[in-house]
2 protein chains.
Amino acid sequence: MRLSRYFLPVLKENPAEAQIVSHRLMLRAGMIKQQAAGIYSWLPLGFKVLKRIEQIVHEEQIRAGHIPLLMPTLQSADLWRESGRYDAYGPEMLRFKDRHDREMLYGPTNEEMITDIFRAHVSSYKELPLTLYHVQWKFRDEVRPRFGVMRGREFYMKDGYSFDLTKEDALHAYNRHMVSYLRTYERMGLTAIPMRADSGPIGGDNTHEFLVLAQTGESEVFYDAKVPELKLGDREVDYDDRAAVAAICEEFTTLYARTDETHDEAVFNQIPEERRCVGRGIEVGQIFYFGTKYSEAMGATVSTPDGTRVPVEMGSHGIGVSRLLGALIEANHDDKGIIWPEGVTPFHCGIVNLKQGDAATDLACEGLYKALVAKGLEPLYDDREERAGAKFATMDLIGLPWRITVGPRGLANGVVELTSRRTGESEELSAEIAVARITEIYAGK
Amino acid sequence: MRLSRYFLPVLKENPAEAQIVSHRLMLRAGMIKQQAAGIYSWLPLGFKVLKRIEQIVHEEQIRAGHIPLLMPTLQSADLWRESGRYDAYGPEMLRFKDRHDREMLYGPTNEEMITDIFRAHVSSYKELPLTLYHVQWKFRDEVRPRFGVMRGREFYMKDGYSFDLTKEDALHAYNRHMVSYLRTYERMGLTAIPMRADSGPIGGDNTHEFLVLAQTGESEVFYDAKVPELKLGDREVDYDDRAAVAAICEEFTTLYARTDETHDEAVFNQIPEERRCVGRGIEVGQIFYFGTKYSEAMGATVSTPDGTRVPVEMGSHGIGVSRLLGALIEANHDDKGIIWPEGVTPFHCGIVNLKQGDAATDLACEGLYKALVAKGLEPLYDDREERAGAKFATMDLIGLPWRITVGPRGLANGVVELTSRRTGESEELSAEIAVARITEIYAGK
């Protein structure tokens, strides 16, 4: 993309309404625009990151054997009366009537609807296991929406629902989700720690939240210093191998890591003192096993091998897709702006032309641009008539992990400059080697 | 995908509520499930086609130089008061109040919001031309939703908005949209004819609708028999070349083609009688140039080269993404089921194992499956313990363009059977050649 043809409305001033750094930087980098309290437009740069995150979520869910579909944003109130949640849910649920006076709502979550789909089409244990998920806009009418996309009212969420015959099978689905989530967050460059959580209004016994450590997190967290060091890495996972999947879950949940809701001071104090960490975290996902709460209420039963019928065992598992943008920025920024991890960056690298209009420099930039595109990469080429300082400031603000700077002086020596946004370190090399380096960095990402 | 692990709830019976073939086949093929009047869940097969269509729409918009973003589904009533449409819009607009009693609506379209984004960030002619678009869920509270996704209430739409300094520039944007739409529909295997249309409630002078010919279409259409023969083909288009783009538009709009709204019997009768066609059509897109209607009302102005300020020239351009699934099926089916064009098929081919459980046949199917996946293709492998007849019926119903049938008899002769869904013709060939053939068919699609 050539910046002269893009729509990147960066702000020079710090917006007064933004209380936390991710909100401030998303506004300044031209990623979002508020349209109403807690409701945002995703401007082109923000939309690109949102799509990268969604794509990683899809890839890892499909890898785990989960099946995508898409449920609508609006739901009928009658469906929620079946589970009893229509009356139980508070004013966070946006309710209204359509032109025929039928009671409707904007879905805050989809347990009822997915159970309705299941009971309409599945009747035998032979069709299990089954996990269906979607990534869709939700609405929760927060009383005080704030922190930008971190606590918006209209938000984008992946929510998946597992259906199994037995509790044992359902716990394997739970474990599968835990592992697929660990991989999802790692691919985005995030350390998200699974922590035992309260089950809250959805109900259920087994539940973990995934928290990203950040000073601005809404939850207080207590954990063993060894926990953030755990990595899934690039190990192969066979999601059908129950023991292997369970072993990974054990590896990631045995050491102490809890939110303030489930914190147990006595257990915490058994950790060696130098490893006891207290911090704050941002919740970016949650997995639940809740058994037959919805299937019993809504009559979602399956036949068993011995011919009886039982309510299906369920779990629901969510990732806050739009919220992840905020969490990513909270965890990856400095005083100049955002620092995108390579897995989610909107453009793979920036190209800064130091002397726009100079024939040789323009030609070199064009050549570099085309060479990167030919490698399947998406560069952002700053081809505006602007001072070098302004171009660098924009690149730093929007946070592309790599920048290639091209100017007449370097070209005279046959070199361009490759700069890491994270370390600030620069290196002079030929354009060909710069392209090869960038290609290598993104291989497999 | 292995069918034994997929969620494909096909129906044996014709659903009573479906009045038209696309609605019936989408229900029978397990593509959609109705959740409320005119509100559908997109089951896995339907979701896959929806995403293929959305992907083609994105690719062709980006090729034309248009920039994707994403606006929210909910909007503030105040924004619509600025344009005067809040009161003008009828009961099709879904209106409600949030918990703080603020008036909101579910967006039926986005002219007001995009104008709001524009005026907040663009102030100079130097930042033009600019076309921003999104693909997002919309809601129109139809009094009688029907025909499945063809006239749903919650529907998925691509809507793009062009901003230009002069009318001449705006008409180039209009032409760019026409050409990009022609290419979009052609890639899906559709013949969509641009027809002069009434401007309706959005207002404006220049507007064309794109209609797919189908007996179930809601509009009566009158056209020269030569029009459906026009093809864009694989010609290269330089979207910056105004004359070239205008020439294509002229080629596609000079011959007579109109809906009943703009039909002119006298002009129609000038066509040689044997070329006068009367039929029905399904609207799948519309482009508008409407000038300064919204920019004047909402104060979206830009500076000009001579230092004055003028309201920006605008157009809006839409493609009915979810509706296209219905239109595609109306135009591509037979009495056995759907016949997907290769550009939008949910899976590239089916594999039917005639003797599941037979070691050699299972092995051959697995080998075929992996060979196709290695080529970047997505096969659907029917690995269920089912009669051959049932497997064929499912494949025919869901409409994959190609089927490879594998059985012990063929394998004894070193062959599998490759069958075209459209022609019904079969050919025996080795598994390797079958893979090569399928790969070739999808090269570049």
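Residues numbered from 1 in each chain as written. Chains lettered and ligands numbered in written order. Predicted model: local features only at pLDDT ≥ 70, side-chain atom pairs only at ≥ 80, totals over all residues. Heavy atoms only, no water.

Structural notes on the overall build of chain A
Here's step 1: Assigned secondary structure in chain A consists of 14 helices and 23 strands.
Here's step 2: Here the C-alpha radius of gyration of chain A, 24 Å, is about what a compact globule of 445 residues would show, namely 22 Å.
Here's step 3: Overall, the C-alpha framework of chain A stretches about 80 × 60 × 40 Å when taken along its three principal axes.
Here's step 4: For chain A, with 445 residues in total, the buried portion stands at 59%. (Helix = DSSP H or I, 4+ residues; strand = E, 2+ residues; numbered from the N terminus. Rg over C-alpha atoms; globule rule 2.2 N^0.38 Å. Buried < 20%, exposed > 50% of the residue type's maximum accessible area, 1.4 Å probe, protein only.)

Here we look at the sheet that holds strand β4 (residues 74-76) of chain A
Residues and elements named next belong to chain A.
Here's step 1: Strands sit in the order β4-β6-β5 across an open sheet of 3 strands; the sheet is antiparallel. In this open sheet, the two edge strands, each paired with only one partner strand, are β4 and β5 (94-97). Averaged over all pairs of adjacent strands, the angle between strand axes in this sheet comes to 35°, irrespective of strand direction.
Here's step 2: Inspection of the sheet shows β5 paired to strand β6 (residues 103-106) by 4 bridges, in the antiparallel sense. Bridged to Leu 94 within β6 is Tyr 106. (Pairing = 2+ DSSP bridges. Axes fitted to C-alpha atoms, helices over the stretch in contact; angles between N-to-C directions.)

Overview of the environment of Gly 389 of chain B
Here's step 1: Within the fold, Gly 389 of chain B resides in helix α12 (residues 388-398).
Here's step 2: Considered as a pair, Gly 389 of chain B and Pro 129 of chain B are 260 residues apart in the sequence and their alpha carbons are 57 Å apart.

Some words on empty space enclosed by the protein
Here's step 1: Under the criterion given, the structure shown has 7 cavities of 30 Å³ or more.
Here's step 2: Here the largest cavity is characterised by a volume of approximately 150 Å³.
Here's step 3: Taken together, 18 residues make up the lining of the largest cavity; nearest its centre are Lys 51 and Tyr 156 of chain A together with Lys 51, Trp 137 and Tyr 156 of chain B.
Here's step 4: Of the residues belonging to the lining of the largest cavity, the class tally is 10 nonpolar, 4 polar and 4 charged. (1 Å grid on protein atoms, 1.4 Å probe; cavity = no way out; pocket = protein on both sides within 12 Å on 5 of 7 lines; lining within 4 Å. Points joined across faces, edges and corners; volume = space filled by probe spheres on them. Nonpolar A, V, L, I, M, F, W, Y, C, P; charged D, E, K, R; others polar.)

Notes on the relation of the copies chain B and chain A
Here's step 1: Placing chain B over chain A gives an RMSD of 0.0 Å and needs a rotation angle of 180°, together with 0.0 Å of translation along the axis. In short, the pair behaves as if placed about a two-fold rotation axis. Among all residues of chain B, the minimum C-alpha distance to the rotation axis is found for Phe 96 of chain B, at 3.0 Å.
Here's step 2: By residue overlap, the copies meet face to face through one surface: 100% of the interface positions of chain B are interface positions in chain A. (Least-squares fit on C-alpha atoms with pLDDT ≥ 70 in both. Contact = heavy atoms within 4.5 Å.)

What about unusual backbone geometry?
Excluding glycine, a negative phi dihedral is what most residues carry, and trans is how most peptide bonds are arranged.
Here's step 1: A cis amide bond, omega 0°, links Leu 128 of chain A with the succeeding residue Pro 129 of chain A.
Here's step 2: Locating Pro 129 of chain A in the fold gives a position in the loop between α5 (111-121) and β7 (130-139).

Description of the packing of aromatic side chains
Here's step 1: Tallied over the entire structure, the rule returns 28 aromatic pairs over all chains.
Here's step 2: Look at Tyr 256 of chain A and Phe 268 of chain A: their rings are 5.3 Å apart centre to centre, the planes differ by 50°, and that puts the pair in the tilted class. Linking Tyr 256 of chain A in the loop between α7 (242-253) and β12 (257-259) with Phe 268 of chain A in helix α8 (residues 265-268), this pair joins segments that are 12 residues apart in sequence. An identical accessibility class is assigned to Tyr 256 of chain A and Phe 268 of chain A; each is buried.
Here's step 3: Where Phe 290 of chain B meets Tyr 294 of chain B, the ring centres are 5.1 Å apart and the plane angle is 75°; that geometry is what we call edge-to-face.
Here's step 4: Judged by relative accessible area, Tyr 294 of chain B falls into the buried class, the value being 1%.
Here's step 5: Within the aromatic cluster, the residues linked to one another by ring pairs are Tyr 106 and Phe 139 of chain A together with Tyr 106 and Phe 139 of chain B.
Here's step 6: Directly above the aromatic system of Phe 347 of chain A lies the positively charged group of Lys 48 of chain A, at a separation of 4.8 Å from the ring centroid.
Here's step 7: Here the guanidinium or amino end of Arg 95 of chain A rests over the ring plane of Tyr 86 of chain A, the centre of that ring lying 4.7 Å away. (Phe/Tyr/Trp six-rings, centres within 6.5 Å; stacked < 30°, edge-to-face > 60°. Lys NZ or Arg CZ within 6 Å of the ring centre and 35° of its normal.)

As for the pattern of salt bridges
Here's step 1: Following the criterion strictly, the structure yields 60 salt bridges over all chains and no others.
Here's step 2: Residue Arg 183 of chain A is joined to Glu 60 of chain A by a salt bridge in which the shortest nitrogen-to-oxygen separation is 3.8 Å. Of the two residues, Arg 183 of chain A sits in helix α6 (residues 167-187) while Glu 60 of chain A sits in helix α2 (residues 44-63), which places them 123 residues apart along the sequence. The pair Arg 183 of chain A / Glu 60 of chain A is uniform in exposure class, with both members buried.
Here's step 3: Across the pair Arg 81 of chain B and Asp 78 of chain B runs a salt bridge, and its minimum N-O distance is 3.0 Å. With Arg 81 of chain B and Asp 78 of chain B both in helix α3 (residues 77-83), this residue pair falls 3 residues apart, about one helical turn.
Here's step 4: The structure contains a network of salt bridges with shared partners spanning Glu 59, Glu 60, Arg 63, Arg 183 and Arg 187 of chain A. (Salt bridge = Lys/Arg side-chain N within 4 Å of Asp/Glu carboxyl O.)

Considerations on the interface of chain B and chain A
Here's step 1: Contact residues are listed per partner, giving 54 residues for chain B and 54 residues for chain A.
Here's step 2: Taking both partners together, chain B and chain A bury about 4700 Å²; carbon and sulfur atoms supply 64% of that area.
Here's step 3: Together, Phe 7, Leu 70 and Arg 99 of chain B form the three largest contributors to the area buried by chain B at its contact with chain A, with a combined 15%.
Here's step 4: Across the chain B-chain A interface, the total number found is 8 salt bridges.
Here's step 5: Arg 153 of chain A serves as the salt-bridge partner of Asp 98 of chain B, at 2.9 Å between the closest nitrogen and oxygen.
Here's step 6: Classifying every residue of the side of chain B that touches chain A by side-chain character gives 33 nonpolar, 8 polar and 13 charged. (Buried area = accessible area lost by both parts, 1.4 Å probe.)

What to know about the domain arrangement of chain A
Residues and elements named next belong to chain A.
Here's step 1: When cut into domains, chain A gives domain 1 (3-338) and domain 2 (349-442).
Here's step 2: Computed over C-alpha atoms only, the centres of domain 1 and domain 2 are separated by 37 Å.
Here's step 3: If you look at the interface, domain 1 gives 16 residues, while domain 2 gives 13 residues.
Here's step 4: Buried surface at the junction of domain 1 and domain 2, summed over both partners, amounts to about 1200 Å²; 56% is from carbon and sulfur atoms.
Here's step 5: The largest share of the area that domain 1 buries against domain 2 comes from Leu 3, Lys 336 and Ile 338, three residues that together contribute 43% of it.
Here's step 6: The salt bridge partner of Glu 378 is Lys 48, with a shortest N-O separation of 2.7 Å.
Here's step 7: Remark: the boundary between domain 1 and domain 2 carries 10 residue pairs in polar contact (both at pLDDT 80 or more).
Here's step 8: Breaking the side of domain 1 that touches domain 2 down by element, the ones donating at least two residues are α1 (21-28), α2 and β18 (337-338). (Domains from an automatic or database assignment. Polar contact = N/O pair within 3.5 Å; in protein donor to acceptor, adjacent residues only side chain to side chain.)

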